[in-house]
Protein chains: 6
Amino acid sequence: MSNRVAVYRKEHFNAAHRLHNPAWDAATNDRVFGKCSNPHFHGHNYELVVKLTGEPDAATGFVMDMKVLSDLVQENIIERFDHKNLNEDTAEFRSLNPTAENIAIVIYNILREKIEPKFDVQVRLYETERNFVDYPA
Amino acid sequence: MSNRVAVYRKEHFNAAHRLHNPAWDAATNDRVFGKCSNPHFHGHNYELVVKLTGEPDAATGFVMDMKVLSDLVQENIIERFDHKNLNEDTAEFRSLNPTAENIAIVIYNILREKIEPKFDVQVRLYETERNFVDYPA
Amino acid sequence: MSNRVAVYRKEHFNAAHRLHNPAWDAATNDRVFGKCSNPHFHGHNYELVVKLTGEPDAATGFVMDMKVLSDLVQENIIERFDHKNLNEDTAEFRSLNPTAENIAIVIYNILREKIEPKFDVQVRLYETERNFVDYPA
Amino acid sequence: MSNRVAVYRKEHFNAAHRLHNPAWDAATNDRVFGKCSNPHFHGHNYELVVKLTGEPDAATGFVMDMKVLSDLVQENIIERFDHKNLNEDTAEFRSLNPTAENIAIVIYNILREKIEPKFDVQVRLYETERNFVDYPA
Amino acid sequence: MSNRVAVYRKEHFNAAHRLHNPAWDAATNDRVFGKCSNPHFHGHNYELVVKLTGEPDAATGFVMDMKVLSDLVQENIIERFDHKNLNEDTAEFRSLNPTAENIAIVIYNILREKIEPKFDVQVRLYETERNFVDYPA
Amino acid sequence: MSNRVAVYRKEHFNAAHRLHNPAWDAATNDRVFGKCSNPHFHGHNYELVVKLTGEPDAATGFVMDMKVLSDLVQENIIERFDHKNLNEDTAEFRSLNPTAENIAIVIYNILREKIEPKFDVQVRLYETERNFVDYPA
């Protein structure tokens, strides 16, 4: 068995969004997304958990210093999305529907580029306490 | 000592809002409310706890049937605010700044009218897990 | 201002119950209590929080040693109600409807006798995460 | 790497049960299951988390609409088990011991038939905050 | 009824401590405080909730800007106690036993001086999820 | 598909620690570990979740009786580390840096020896609500 440990860091951000497919008319959006497609938006307290898997460093005992991981998530994700309207204020969701699934994929893709390939990365995003997603599965 | 018991029912709703005083210019709003005044809105998963104080009924053992209290909160509060943009979609916050304090006062005033005077009512509103308010104090 | 501090200790127990007024016929019980009156019972993980208010002892800095308070609650409440059918197995609820309100009153009355009068006592009982009560109010 | 995302939906139900092997005498049941074999039952607030893994739909951005998944769990699981005595009121546990392990297996088997084979399904069941199970492992 | 609203802000800090009365010999400390008097210390993740009661400002809708309250708690409490050994590293607990009761009183006294008298202040301190205190009661 | 179920048991302990590499001088420790290297220690409420995977026993419906698993964790882990200074009071961390990663590995190695090989074992350790680790990954 390898010595790999998974470390997790939880951060949060608050954002507005609406679910909306611009290729569809209003009636179709309303039928598919219901009150989630309110054109004036609604919002969530998103909880984000980033999982990093690797071998602990022999000198520090850390897979990655949690302070470093936290700063990386703050700078690349929280500053980008916190207190934003995802549909209106962010390039990522101008034409991509901001479902929890798509937000998790976008966050993963941003973080994957910033983290050394020797680490595995996975993202969990809580849209509410009762609805959440993991990517990659 | 009286026989009064306090009963609590927790419900939740998701909404978008921005903090904004229309009597101020954009620079003042920005200085006072910071990123919370983003003109495109942000949002929260609000958790609402309604407290009702009274004497248990001798026949049922209930201060109020929690199902009845839950339905009352659903019909009067959750249907009104859930998946809404508080500033844009609700009459209550068209000219009232939707701070947690003001949202709690509005919710209290709506519920107070629907609940018999023999019961005391108090509202707790969680804007996030770390920021919450009670009204009346 | 006095030097009084409130200390809280949280314990839990699992129990079955049904809501039922023996003075009523089955149809009335069913109409008033709905699925909560299922004659075969249902159950809960009850969370109990005992609040004790008093002045910290000058030598220890404790209002009451939490270990002592925890043992008192274990011996008088948890051993009595944990893994029990409240209606069938306990003298307290043979003829008293085990609503959250009545369970809190019963627990308070038991603890009040075991705790010195110089301390104020209050009981909070969570029937579920979303339904809970305080006694005295 | 595939594009698969796991989505989770959390629901809850309250039920009574006892642990009991009908092939054993009372003394053996008592020795093995202790206070969990109380013939008058005890109960729990069960928290159920259903995990579904698949590819997000290109048009909606959903693996499955959480409202659809929630309704599916409500209709097939919650209505069947909520406010029930698992041993007495349900066909599934008349002769199967309602341990958390067995309840999770039963729930999985019911849901697996209702969900398209292209999705992977997993069930997590919390019997208490401190005891929980996953099936399949 | 007045218009007063209570606002709450939750912060946290991690610290080591031991319970110890220097006026007593080791055997007495051990008998009274048990494993909590371990001379090499143990520790906690303390959760601190500061409650402020006052009237919302007419222009902002805030009792106090939560960002201002959070900064006040960070500067005066968290920087003082976070990642510290309360007995060894802090002037406040050199001769005062760091029970949850005494820590709450010390925090209250520090904050009370920094907050305008028109506001009421109360401190809740969680030593663990199951043990917590309020001051003033 | 096999019939394997994962069962989880959550326990907790409170401990003091400091992060420190004895091969480094104080300045290097301070630069790498920051306030976590405070020579007087700080502390945490650790939450430990032990996961055991196996087939439910046909007669009991248990993978392992949770009471047995809880006792095993209490005797081998909680009694060893609760209310201890990990660096000073425990043989395991006299020369091993007590990061969350290393604590999880140590706990896993202790439990792995006590649990039959037919079961898979995994350890999750929460250092705070926002920082946690799994071993093996």
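Cut-offs applied
Residues numbered from 1 in each chain as written. Chains lettered and ligands numbered in written order. Predicted model: local features only at pLDDT ≥ 70, side-chain atom pairs only at ≥ 80, totals over all residues. Heavy atoms only, no water. Helix = DSSP H or I, 4+ residues; strand = E, 2+ residues; numbered from the N terminus. Buried < 20%, exposed > 50% of the residue type's maximum accessible area, 1.4 Å probe, protein only. Contact = heavy atoms within 4.5 Å. Areas by Shrake-Rupley, 256 points an atom, 1.4 Å probe, with all protein chains shown as cover. Lys, Arg positive; Asp, Glu negative; His and termini not counted. Charge placed at Lys NZ, Arg CZ, Asp CG, Glu CD. Buried area = accessible area lost by both parts, 1.4 Å probe. Salt bridge = Lys/Arg side-chain N within 4 Å of Asp/Glu carboxyl O. Polar contact = N/O pair within 3.5 Å; in protein donor to acceptor, adjacent residues only side chain to side chain. Axes fitted to C-alpha atoms, helices over the stretch in contact; angles between N-to-C directions. Left-handed = near helix turned anticlockwise from the far one by under 90°. Arc of directions from axis to C-beta. Phe/Tyr/Trp six-rings, centres within 6.5 Å; stacked < 30°, edge-to-face > 60°. Lys NZ or Arg CZ within 6 Å of the ring centre and 35° of its normal. Least-squares fit on C-alpha atoms with pLDDT ≥ 70 in both. Pairing = 2+ DSSP bridges. pLDDT = per-residue confidence, 0-100.

Draft legend 1. Local environment of the overall build of chain A. The number of helices and strands found in chain A is four helices and five strands. Along its sequence from the N terminus, chain A presents helices and strands in the succession β-α-β-α-β-α-α-β-β. Projected onto its principal axes, the C-alpha positions of chain A cover 60 × 30 × 25 Å. Counting across all 137 residues of chain A, residues that qualify as buried make up 60%. Pairs at least 24 residues apart make up 67% of the contacts formed inside chain A by residues separated by at least 6 positions. Of the accessible surface of chain A, which amounts to about 5,600 Å², a share of 48% is contributed by carbon and sulfur atoms. Each charge sign in chain A was given a centre, from 16 positive and 21 negative side chains, and these centres are 2 Å apart.

Draft legend 2. A look at the interface of chain B and chain A. Every contact between the two is made by 21 residues of chain B and, on the other side, 21 residues of chain A. For the pair chain B and chain A, the summed buried area comes to about 1,700 Å², and 45% of that belongs to carbon and sulfur atoms. Across the chain B-chain A interface, the total number found is two salt bridges. A salt bridge links Lys35 of chain B to Asp82 of chain A; its shortest N-O distance comes to 2.7 Å. Inspection of the region where chain B meets chain A yields 19 residue pairs in polar contact (both at pLDDT 80 or more). If you list the elements that add at least two residues to the side of chain B that touches chain A, you get β1 (5-17), β2 (42-54), β3 (84-85), α3 (86-89) and β4 (120-128) of chain B.

Draft legend 3. Fine view of the arrangement of the chains. Separated throughout, chain A and chain E approach each other most closely at a C-alpha pair spaced 14 Å apart. With no contact between them, chain C and chain F keep their nearest C-alpha atoms 14 Å apart.

Draft legend 4. Structural view of the packing of helix α2 (residues 66-81) of chain C against helix α4 (residues 100-114) of chain C. Residue and element names in this part refer to chain C. Packing of α2 against α4 leaves a shortest axis separation of 10 Å and a crossing angle of 145 degrees. As α2 packs across α4, the resulting crossing turns out to be right-handed. Taking contact as the criterion, the partners of Leu72, Val73, Asn76, Ile77, Arg80 and Phe81 in α2 are, on α4, Val106, Ile107, Ile110, Leu111 and Lys114.

Draft legend 5. Examining the environment of Tyr8 of chain A more closely. Tracing the chain through its elements places Tyr8 of chain A in strand β1 (residues 5-17). Residues Tyr8 of chain A and Val121 of chain A lie 113 residues apart in sequence; the distance between their C-alpha atoms is 9.9 Å. At 3.1 Å, the side chain of Tyr8 of chain A and the side chain of Arg124 of chain F are in polar contact.

Draft legend 6. Geometry of helix α1 (residues 26-33) of chain B. Residues and elements named next belong to chain B. If you check which residues of α1 are buried, you get Thr28, Asn29 and Phe33. In a view along the axis of α1, the buried residues occupy a sector of 105 degrees, so they form one face of it. Seen from the buried face of α1, the exposed residues on the opposite side, beyond 90 degrees, are Ala27 and Arg31. Taken from the residues just after α1, Gly34 is the one with a positive phi, measuring 55 degrees.

Draft legend 7. Molecular detail of the packing of aromatic side chains. All chains considered together, the criterion is met by 48 aromatic pairs over all chains. A ring pair is formed by Phe13 of chain A and Tyr46 of chain A, whose centres lie 5.0 Å apart and whose planes are at 20 degrees; its orientation type is stacked. Residue Phe13 of chain A is located in strand β1, and its partner Tyr46 of chain A is located in strand β2 (residues 42-54); the two are separated by 33 residues in the primary sequence. There is no split in this pair, since Phe13 of chain A and Tyr46 of chain A are both buried. Connected via pairs of aromatic rings, a cluster forms that spans Phe13, Tyr46, Phe81 and Phe93 of chain A. It is Arg124 of chain B that lies over the ring of Tyr8 of chain E; its NZ or CZ is 4.7 Å from the centre.

Draft legend 8. Spotlight on the pattern of salt bridges. For the structure shown, the criterion picks out 48 salt bridges over all chains. Close ionic contact of Glu11 of chain B with Arg9 of chain B constitutes a salt bridge, the shortest N to O distance being 2.7 Å. Of the charged contacts in the structure, one is a salt bridge between Lys10 of chain E and Glu129 of chain B, with a shortest N-O distance of 3.5 Å. Of this pair, Lys10 of chain E sits in strand β1 (residues 5-17) while Glu129 of chain B is found in the loop between β4 and β5 (131-135), placing the two residues in two different chains. Lys10 of chain E gets classed as buried once you look at its relative accessible area, which sits at 15%.

Draft legend 9. Up close: the relation of the copies chain B and chain A. Screw-axis analysis of chain B against chain A gives a translation of 0.0 Å along the axis, an RMSD of 0.0 Å, and a rotation angle of 180 degrees. Overall, the copies show the geometry of a two-fold rotation axis.

Draft legend 10. Looking closely at the pairing of β1 of chain B. Taking burial as the measure, the 13 residues of β1 of chain B include 12 buried ones, the bulk of the element. Note that β1 of chain B and strand β5 (residues 131-135) of chain C share four bridges and pair antiparallel. Bridge pairing in β5 of chain C places Tyr8 of chain B opposite Phe132 of chain C.

Draft legend 11. Structural view of the environment of Asn102 of chain E. Locating Asn102 of chain E in the fold gives a position in helix α4 (residues 100-114). The spatial distance from the C-alpha of Asn102 of chain E to the C-alpha of Ser2 of chain E is 32 Å, given a sequence separation of 100 residues. Excluding its chain neighbours within four sequence positions, the residues that come into contact with Asn102 of chain E are Gly61 of chain C together with Phe93, Leu96 and Asn97 of chain E. A polar atom in the side chain of Asn102 of chain E sits 2.9 Å from the backbone oxygen of Asn97 of chain E.

Draft legend 12. Focus on the side chain of Asn131 of chain E. On the secondary structure map, Asn131 of chain E appears in strand β5 (residues 131-135). A polar contact is formed between the side chain of Asn131 of chain E and the side chain of Arg9 of chain C, at a distance of 2.7 Å.

Draft legend 13. How the structure looks around the side chain of His44 of chain E. Along the chain, the position of His44 of chain E falls in strand β2 (residues 42-54). Among the polar contacts made by the side chain of His44 of chain E, one reaches the side chain of His17 of chain E at a distance of 3.5 Å. Excluding residues within four positions of it along the chain, His44 of chain E makes contact with Phe13, Asn14, Ala15, His17, Glu127 and Thr128 of chain E together with Asn14, Gly43, His44 and Asn45 of chain F.

Draft legend 14. Quick look at the pairing of strand β2 (residues 42-54) of chain C. Residue and element names in this part refer to chain C. With 12 of 13 residues buried, β2 is to be regarded as a mostly interior element. Where strand β1 (residues 5-17) and β2 come together, 13 bridges link them in antiparallel fashion. In the strand pairing of β2, Val5 is matched with Gly54. Bridging between β2 and strand β4 (residues 120-128) involves seven bridges; their strand directions are antiparallel.

Draft legend 15. A look at the confidence of the model for chain A. Put simply, chain A has an average pLDDT of 96, and 99% of its residues get 70 or more. As a predicted assembly, this complex carries a pTM of 0.95 together with an ipTM value of 0.95.

Draft legend 16. Highlighting unusual backbone geometry. Residue and element names in this part refer to chain A. Here Tyr135 and Pro136 are connected by a cis peptide whose omega angle stands at -5 degrees. Looking at where Pro136 falls in the secondary structure, it is placed in the segment after β5 (131-135). With a phi angle near 80 degrees, Phe41 is a residue other than glycine that sits in the positive phi range. Looking at where Phe41 falls in the secondary structure, it is placed in the loop between α1 (26-33) and β2.

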